[in-house]
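# A look at the structure
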Number of protein chains: 2
Amino acid sequence: MSAPEQVKPAPADAPGGESDARNRRAELVRVSARLFRERGFDGTTIRDIADAVGMRSGSPFYHFKSKQDILAAVMEEGLNASLVATEAIVAGALAPREKFRALLRAQLETVLGEGHDFIPVLLYDWRALGPALQERIIALKDRYDQIWQQTITELRDAGMLRTDSKVARLLIMGAVNYTVQWYKPGGGVTLDELADEALAMFLHGSA
Amino acid sequence: MSAPEQVKPAPADAPGGESDARNRRAELVRVSARLFRERGFDGTTIRDIADAVGMRSGSPFYHFKSKQDILAAVMEEGLNASLVATEAIVAGALAPREKFRALLRAQLETVLGEGHDFIPVLLYDWRALGPALQERIIALKDRYDQIWQQTITELRDAGMLRTDSKVARLLIMGAVNYTVQWYKPGGGVTLDELADEALAMFLHGSA
DNA sequence: CCTACCGATCGGTAGG
DNA sequence: CCTACCGATCGGTAGG
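Note that the coordinates shown come from a computational prediction; the quantities given were computed from them, not determined experimentally.

Moving on, we come to the overall build of chain A. Along its length, chain A carries 10 helices and zero strands. On the principal axes, the C-alpha backbone points of chain A span a range of 70 × 35 × 35 Å. Of all 207 residues assigned to chain A, the portion counted as buried reaches 47%. Summarising the internal contacts of chain A: among those between residues at least 6 apart in sequence, 68% fall at separations of at least 24. Carbon and sulfur atoms form 51% of the exposed surface of chain A, whose accessible area is close to 10,400 Å². Separation of charge centres in chain A, based on 25 positive and 28 negative side chains, amounts to 4 Å.

Have a look at this one:
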């Protein structure tokens, strides 16, 4: 009667019953990312999500207060992971050209890699997110864009790019992000080859 | 009793009552394009469309057998218009660089220009179209892609592009099409400037 | 093209 | 997290 917590099989990783709930929440986000990517936000129902994690249709709302909140969580997790990856790249002591190649390659992985569903959801269904929820995501996106912008400035200073304008960055990132619309894994082009071709296309004096 | 057609105000442009229906159909497509662009396909209801043209909610189905058919009509009309524009460009006697610039500029107009809602709908909601309806559109899209591919080959032959690979084309078209996600009219960048910046970014030996 | 309507689906909730 | 459910919406149709 004293402690209703900590029944059922205890999780191995952390003490306290709340880690169960945290695991379930994380599972919901992961599964939702996959479904949203495959069918789109509007094409995925709460029932689809609940089925995929073995819940009843009302239960996701124990973890999230709305379907939109799941979408926001998917996008936020995707951006957080991407931020970690890109910040690790620019923290290294790479020359501008190699830094840029690493960014391109990382972004291609994020957008096209096996099991990477989070950022494609952001690219496909950004509009489906309400303005209030968009704001939180935009703050993360701004940090992300800044990393690219700085690298682009370094490339310009090194004479490998004509300009470091915002438009130049948007054209480059657009070309990369748009691959989500046409790239098919196993279609004869690897992500490494894609990165090289993009590098050669954007940069002066590249092989 | 003999002829139930040709009542109501007769249209000025063409004889025969069926041109009324054709006009209404065209109006439905045009209005749907605008709404689909603004709110997305799933975010637009048949009732929204009917309201916008002054019909009752069941009446659009007199002109189209399903909501998806309206979407297909929007995309098809957009591609047909784009095909006319691009075919006119490549039919002219322009040098490769000027031909490419004209294609870029035309595509930017198609994607970002005032009142150009058709192709953005295709870019945003391609996935919403069922496979059967996609097929008809793909045939048009193939002709479109071919024009770009040929121009890219000419640029490569003129030494202004490293490669005329399909990936090169997709990266270029991706950069241009992705502008639909970020470009804001009146934001200080004109479409002409955008075309110039894209040209300089992709081509060797450009100003 | 309107009237009148249906069947299904869907996000979300109360109460435990 | 389940049970049981609701209110609203939505694409689509019959019949004129």
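Anyway, onward from the coordinates.
Take the protein's contact with DNA strand D next. By nearness alone, 15 residues border DNA strand D, and Met55, Arg56, Ser59 and Tyr62 of chain A together with Lys67 of chain B come closest of all. Restricting attention to atoms of DNA strand D within 4 Å of the protein, one finds that 60% of them are sugar or phosphate atoms. Between DNA strand D and the protein, one listed contact pairs a phosphate oxygen with a side-chain N or O atom of arginine 24 of chain A at 2.7 Å. Residue arginine 56 of chain A places a side-chain N or O atom 2.7 Å away from a phosphate oxygen belonging to DNA strand D. Contributions of two or more residues to the surface near DNA strand D are made by helix H3 (60-63) of chain A together with helix H2 (46-53) of chain B. The class makeup of the residues in the surface near DNA strand D is four nonpolar, seven polar and four charged.

For the coordinates displayed, the defined rule picks out 29 salt bridges over all chains. As a salt-bridge pair, arginine 136 of chain A and glutamate 76 of chain A come within 2.3 Å of each other at their nearest N and O atoms. Here arginine 136 of chain A is found in helix H7 (residues 131-157), whereas its partner glutamate 76 of chain A is found in helix H4 (residues 67-91), with 60 residues between them in sequence. You can call arginine 136 of chain A partly exposed: its relative accessible area is 47%. Taking relative accessible area as the criterion, glutamate 76 of chain A reaches 23% and is therefore assigned partly exposed. Ionic pairing is found between glutamate 98 of chain B and arginine 97 of chain B, a salt bridge with its closest N-O pair at 3.4 Å. A relative accessible area of 37% places glutamate 98 of chain B in the partly exposed class. One salt-bridge network, in which partners are shared between bridges, spans Arg101, Arg105, Glu109, Asp192 and Asp196 of chain A.

Attention now moves to H7 of chain A. Residues and elements named next belong to chain A. Helix length check: H7, at 27 residues, gives a terminal C-alpha distance of 37 Å against a target of 39 Å (1.5 Å per residue), a fit within 8%. At isoleucine 137, H7 shows its maximal bend, which comes to roughly 30 degrees. Looking only at H7, the buried set comprises Leu133, Gln134, Ile137, Leu140, Tyr144, Asp145, Ile147, Trp148, Gln149, Thr151, Ile152 and Leu155. Those residues of H7 that are buried are in contact with H4, helix H5 (96-112), helix H6 (118-125) and helix H8 (166-177). Just downstream of H7 lies glycine 159, where phi reads positive at about 80 degrees.

Quick look at the protein's contact with DNA strand C now. The environment of DNA strand C is formed by 15 residues, the closest being Lys67 of chain A together with Met55, Arg56, Ser59 and Tyr62 of chain B. Each atom of DNA strand C within 4 Å of the protein was assigned to sugar, phosphate or base; sugar and phosphate come to 61%. Arginine 47 of chain A places a polar side-chain atom, nitrogen or oxygen, 3.0 Å from a base nitrogen of DNA strand C. Within the contact set of DNA strand C, a phosphate oxygen lies 2.8 Å away from a side-chain nitrogen or oxygen of arginine 24 of chain B. Where the surface near DNA strand C is concerned, the elements lending two or more residues are helix H2 (46-53) of chain A together with helix H3 (60-63) of chain B.

Within the UniProt annotation, "DNA-binding region" (unreviewed entry) is assigned to residues 45-64 of chain A. Here residues 45-64 of chain A is 60% helix and 0% strand, with 14 Å between the C-alpha atoms at its ends.

You can overlay chain B on chain A at an RMSD of 0.0 Å; the transform is a turn of 180 degrees with a shift of 0.0 Å along its axis. As the rotation angle and translation indicate, the two copies are arranged about a two-fold axis. Relative to the rotation axis, the C-alpha of alanine 175 of chain B is the closest in chain B, positioned 2.0 Å from it. Looking at the interface residues of chain B, 100% of them are also at the interface in chain A, so both copies use one shared face.

Rules used throughout
- Residues numbered from 1 in each chain as written.
- Chains lettered and ligands numbered in written order.
- Predicted model: local features only at pLDDT ≥ 70, side-chain atom pairs only at ≥ 80, totals over all residues.
- Heavy atoms only, no water.
- Helix = DSSP H or I, 4+ residues; strand = E, 2+ residues; numbered from the N terminus.
- Buried < 20%, exposed > 50% of the residue type's maximum accessible area, 1.4 Å probe, protein only.
- Contact = heavy atoms within 4.5 Å.
- Areas by Shrake-Rupley, 256 points an atom, 1.4 Å probe, with all protein chains shown as cover.
- Lys, Arg positive; Asp, Glu negative; His and termini not counted.
- Charge placed at Lys NZ, Arg CZ, Asp CG, Glu CD.
- Near = heavy atom within 4 Å.
- Polar contact = N/O pair within 3.5 Å; in protein donor to acceptor, adjacent residues only side chain to side chain.
- Nonpolar A, V, L, I, M, F, W, Y, C, P; charged D, E, K, R; others polar.
- Salt bridge = Lys/Arg side-chain N within 4 Å of Asp/Glu carboxyl O.
- Expected span 1.5 Å × (residues − 1).
- Bend = angle between axes of the 7 residues up to and from the residue.
- UniProt positions renumbered as here; feature names shortened; annotations may be inferred.
- Least-squares fit on C-alpha atoms with pLDDT ≥ 70 in both.

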